[in-house]
2 protein chains.
Amino acid sequence: MGISERKLREKESRKNNILDSAEKLFFSKGYRDTTMDDIASSAELSKGTLYLYFKSKDEVYFGIALRAIVKLSSMFRVAFISSNFGFIKLNEIGRAHYKFMMEYSDYHKVLSSLSSIDIDLTIASDILMQIGINNDLIAKTMTDSILIGMQDGSIRPDINAEKLCYLLQAESNGVFDMIQQVKCLPKEYQKFDPEELFTTFLESAFYYMKNPNFNYEEIGLKLN
Amino acid sequence: MGISERKLREKESRKNNILDSAEKLFFSKGYRDTTMDDIASSAELSKGTLYLYFKSKDEVYFGIALRAIVKLSSMFRVAFISSNFGFIKLNEIGRAHYKFMMEYSDYHKVLSSLSSIDIDLTIASDILMQIGINNDLIAKTMTDSILIGMQDGSIRPDINAEKLCYLLQAESNGVFDMIQQVKCLPKEYQKFDPEELFTTFLESAFYYMKNPNFNYEEIGLKLN
DNA sequence: ATAAATAATGACCAACAGTCAGAAAAGAGA
DNA sequence: TCTCTTTTCTGACTGTTGGTCATTATTTAT
């Protein structure tokens, strides 16, 4: 049946059109000030039709969050394969995350606002499930990097890899959120350079993770 | 004028009654599902009167956030004076924050949800300003601890104190948010023990901050 | 006792998320 | 090409809720 396939494609592309419109509106006016009527008319649809494709306003927002986390996790994968050494993999993942936050700051905000007061994450939702899958993928990429690093000697082996992964995720989320916040402040209120905070974070994290018996210069790294 | 003073006291206590009611409702039903009518009737007030004391629903929420951060910053002060050594001060501050998150988890959630999609922090608001003041106080308590630690030798002096303060704040926010999230999951989904993540965090942070020339055992600390 | 000021009320309004009966379009079968 | 069925689309409508305001009640000052 070629027809039902085409219909599926059309449905998917319609969903994407809606998300395109919603994205622009959410990013420029914010979640609260964007109405479903706004989104509908921007996507050249009636409100009723909009609700055929997304069952609530939150669901639309989740759709954008899914785009965001898919982008992020793919950047993590690219960073992962950039080197064979676990330590460098992790380093590159950190830089990828920083790049994501700088280049796709709106996406970053969406992701960090997901666990906010006004969104119910407990509802059953296909999109929310896919977000969870990507989240797990991100965690796996990091854990794998750590395990590989422990094997090749570039990361100290006496910590639990999974625990370290969660610690790094938690810490970096906090650091990126703060950088994001500071970036939105007027220049004269910015008490520090965002990039500098990130650099210090990387430095401190890797200071904790490095293996004292490993020769980092051999793999082209200078560590203090 | 004793009368106007009494009136001011009454107004303050009325505000507190409202916040008491609002707190219970927000904490049990969530922000979205709590209506201003709910709060009004729970505080035995008409809606119009409620709006005499708080000019919006957000403002009520800010009022609760103010209670939260006042509590947190006072716990920080107590931790600060618990020792003379900067390193121990910081350590106690970290533990105080952990205690706050465990004992006042609802307050913690309020604070971490403040920078969420659905709240406009740019509006002019007296309460929001007071929150800012307490936030600065917290930052100052931490920065002072660091500076004292650098003076007494318990913290390595080759880092910028203010930058370190922001890094610690950012990291711990991230870590506590993750712990909070995990705590809300059903036990079988919890991949790690919250306390353990916190311990590892403290360990890694202090590993970075410690001064190699300082004898920690002399002040009763065993560091690995 | 009366006027002035302050506090409280609840009916009312506008905005908005979400619904649904019916119209329009697309597809299948002849 | 015509007709019946299924799918897609529509926009008027509903219920809820944040916020307002003219009016009433209470307190204070004279």
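Residues numbered from 1 in each chain as written. Chains lettered and ligands numbered in written order. Predicted model: local features only at pLDDT ≥ 70, side-chain atom pairs only at ≥ 80, totals over all residues. Heavy atoms only, no water.

## Description of the overall build of chain A
Helices and strands together make up the secondary structure of chain A, namely nine helices and zero strands. Of all 224 residues assigned to chain A, the portion counted as buried reaches 50%. Residue pairs in contact within chain A that sit at least 24 positions apart in sequence constitute 71% of those at least 6 positions apart. Accessible surface, chain A: about 11500 Å² in total, of which carbon and sulfur atoms supply 52%. When the 27 positive and 31 negative side-chain charges of chain A are each reduced to one mean point, those points stand 4 Å apart. (Helix = DSSP H or I, 4+ residues; strand = E, 2+ residues; numbered from the N terminus. Buried < 20%, exposed > 50% of the residue type's maximum accessible area, 1.4 Å probe, protein only. Contact = heavy atoms within 4.5 Å. Areas by Shrake-Rupley, 256 points an atom, 1.4 Å probe, with all protein chains shown as cover. Lys, Arg positive; Asp, Glu negative; His and termini not counted. Charge placed at Lys NZ, Arg CZ, Asp CG, Glu CD.)

## Focus on the side chain of His97 of chain B
By the secondary structure assignment, His97 of chain B is in helix α5 (residues 86-103). For His97 of chain B, the contacting residues outside a window of four places in its chain are Leu72, Phe76, His108, Ser172, Asn173 and Phe176 of chain B.

## A look at the nonpolar core
With 74 residues, the main nonpolar core has Ile39 and Ile131 of chain B as its most contacted residues. Beyond its immediate chain neighbours, meaning those up to four positions away, Ile39 of chain B contacts Ile18, Ser21, Ala22, Leu25, Phe26, Thr34, Leu50 and Val60 of chain B. In terms of nonpolar packing, the next biggest core, distinct from the first, is built from 72 residues, Met36, Leu72, Tyr107 and Ile146 of chain A among them. (Core = buried A, V, L, I, M, F, W, Y, C linked by side-chain atoms within 4.5 Å.)

## A closer look at the protein's contact with DNA strand D
DNA strand D sits among 18 residues. The nearest are Thr49 and Tyr53 of chain A together with Arg6, Met36 and Lys57 of chain B. In DNA strand D, atoms within 4 Å of the protein come from the sugar-phosphate backbone in 63% of cases. Between DNA strand D and Tyr53 of chain A there is a distance of 2.8 Å, counted from a phosphate oxygen to a side-chain nitrogen or oxygen. Between a phosphate oxygen of DNA strand D and a main-chain N or O atom of Lys57 of chain B, the distance comes to 2.8 Å. (Near = heavy atom within 4 Å. Polar contact = N/O pair within 3.5 Å; in protein donor to acceptor, adjacent residues only side chain to side chain.)

## As for the protein's contact with DNA strand C
By nearness alone, 19 residues border DNA strand C, and Arg6 and Met36 of chain A together with Gly48, Thr49 and Tyr53 of chain B come closest of all. Among the atoms of DNA strand C lying within 4 Å of the protein, the sugar-phosphate backbone contributes 63%. Residue Arg6 of chain A places a side-chain N or O atom 2.7 Å away from a phosphate oxygen belonging to DNA strand C. One of the side-chain nitrogen or oxygen atoms of Thr49 of chain B is found 2.8 Å away from a phosphate oxygen of DNA strand C. Examining the composition of the surface near DNA strand C, we find that four residues originate from one element, helix α3 (residues 47-53) of chain B, more than from any other.

## Some remarks on the relation of the copies chain A and chain B
With an RMSD of 0.0 Å, the fit of chain A onto chain B corresponds to turning through 180° and sliding 0.0 Å along the axis. In short, the pair behaves as if placed about a two-fold rotation axis. In this assembly the copies share their binding face: 100% of the residues contributing to the interface of chain A also contribute to that of chain B. (Least-squares fit on C-alpha atoms with pLDDT ≥ 70 in both.)

## Description of the interface of chain A and chain B
If you look at the interface, chain A gives 31 residues, while chain B gives 31 residues. When chain A packs against chain B, the two sides together hide about 3400 Å² of surface, and 63% of this comes from carbon and sulfur. Summed over the shared surface of chain A and chain B, the result is four salt bridges. Going through the elements one at a time, α4 (57-80), α8 (161-183) and α9 (194-209) of chain A are the ones with two or more residues in the side of chain A that touches chain B. In terms of residue count, α8 of chain A provides more of the side of chain A that touches chain B than any other element does, 11 residues in total. Grouping the constituent residues of the side of chain A that touches chain B by class yields 14 nonpolar, eight polar and nine charged. (Buried area = accessible area lost by both parts, 1.4 Å probe. Salt bridge = Lys/Arg side-chain N within 4 Å of Asp/Glu carboxyl O. Nonpolar A, V, L, I, M, F, W, Y, C, P; charged D, E, K, R; others polar.)

## Structural notes on the pattern of salt bridges
Applying the stated criterion across every chain yields a total of 19 salt bridges over all chains. Among the salt bridges present, the one from Lys29 of chain A reaches Asp38 of chain A, with a minimum N-O distance of 2.7 Å. The exposure class of Lys29 of chain A is partly exposed, given its relative accessible area of 37%. A salt bridge links Arg67 of chain B to Glu23 of chain B, with the nearest nitrogen and oxygen atoms 2.6 Å apart. Taken together, the residues span a long stretch of sequence, with Arg67 of chain B in helix α4 (residues 57-80) and Glu23 of chain B in helix α1 (residues 2-29) at a distance of 44 residues. Note on Glu23 of chain B: relative accessible area 14%, which makes it buried. A single salt-bridge network, built from bridges that share partners, covers Asp20, Glu23 and Arg67 of chain A.

## Looking at helix α7 (residues 126-152) of chain B
All names here are of chain B. If you check α7, its first and last C-alpha atoms are 39 Å apart, about what 27 residues at 1.5 Å a residue would give, namely 39 Å. Between the side-chain oxygen at the start of α7 and the backbone nitrogen of Ile127 there is a gap of 3.3 Å, and the oxygen is on Ser125. Two residues or fewer past α7, Gly153 is found with a positive phi of approximately 90°. (Expected span 1.5 Å × (residues − 1).)

## Structural notes on the domain arrangement of chain A
Residues and elements named next belong to chain A. For chain A, the domain assignment lists domain 1 (1-54) and domain 2 (56-219). With centres defined by C-alpha atoms, the gap from domain 1 to domain 2 works out at 29 Å. The interface of domain 1 with domain 2 comprises 14 residues on the first partner and 13 residues on the second. Taking both partners together, domain 1 and domain 2 bury about 1300 Å²; carbon and sulfur atoms supply 67% of that area. Of all residues in domain 1, Phe27, Tyr31 and Phe54 give up the largest surface area on contact with domain 2, accounting jointly for 47% of the area buried on that side. Here domain 1 is connected to domain 2 by two salt bridges. At the junction of domain 1 with domain 2, the criterion picks out eight residue pairs in polar contact (both at pLDDT 80 or more). Listed by contribution, the elements that provide at least two residues to the side of domain 1 that touches domain 2 are α1 (2-29) and α2 (36-42). (Domains from an automatic or database assignment.)

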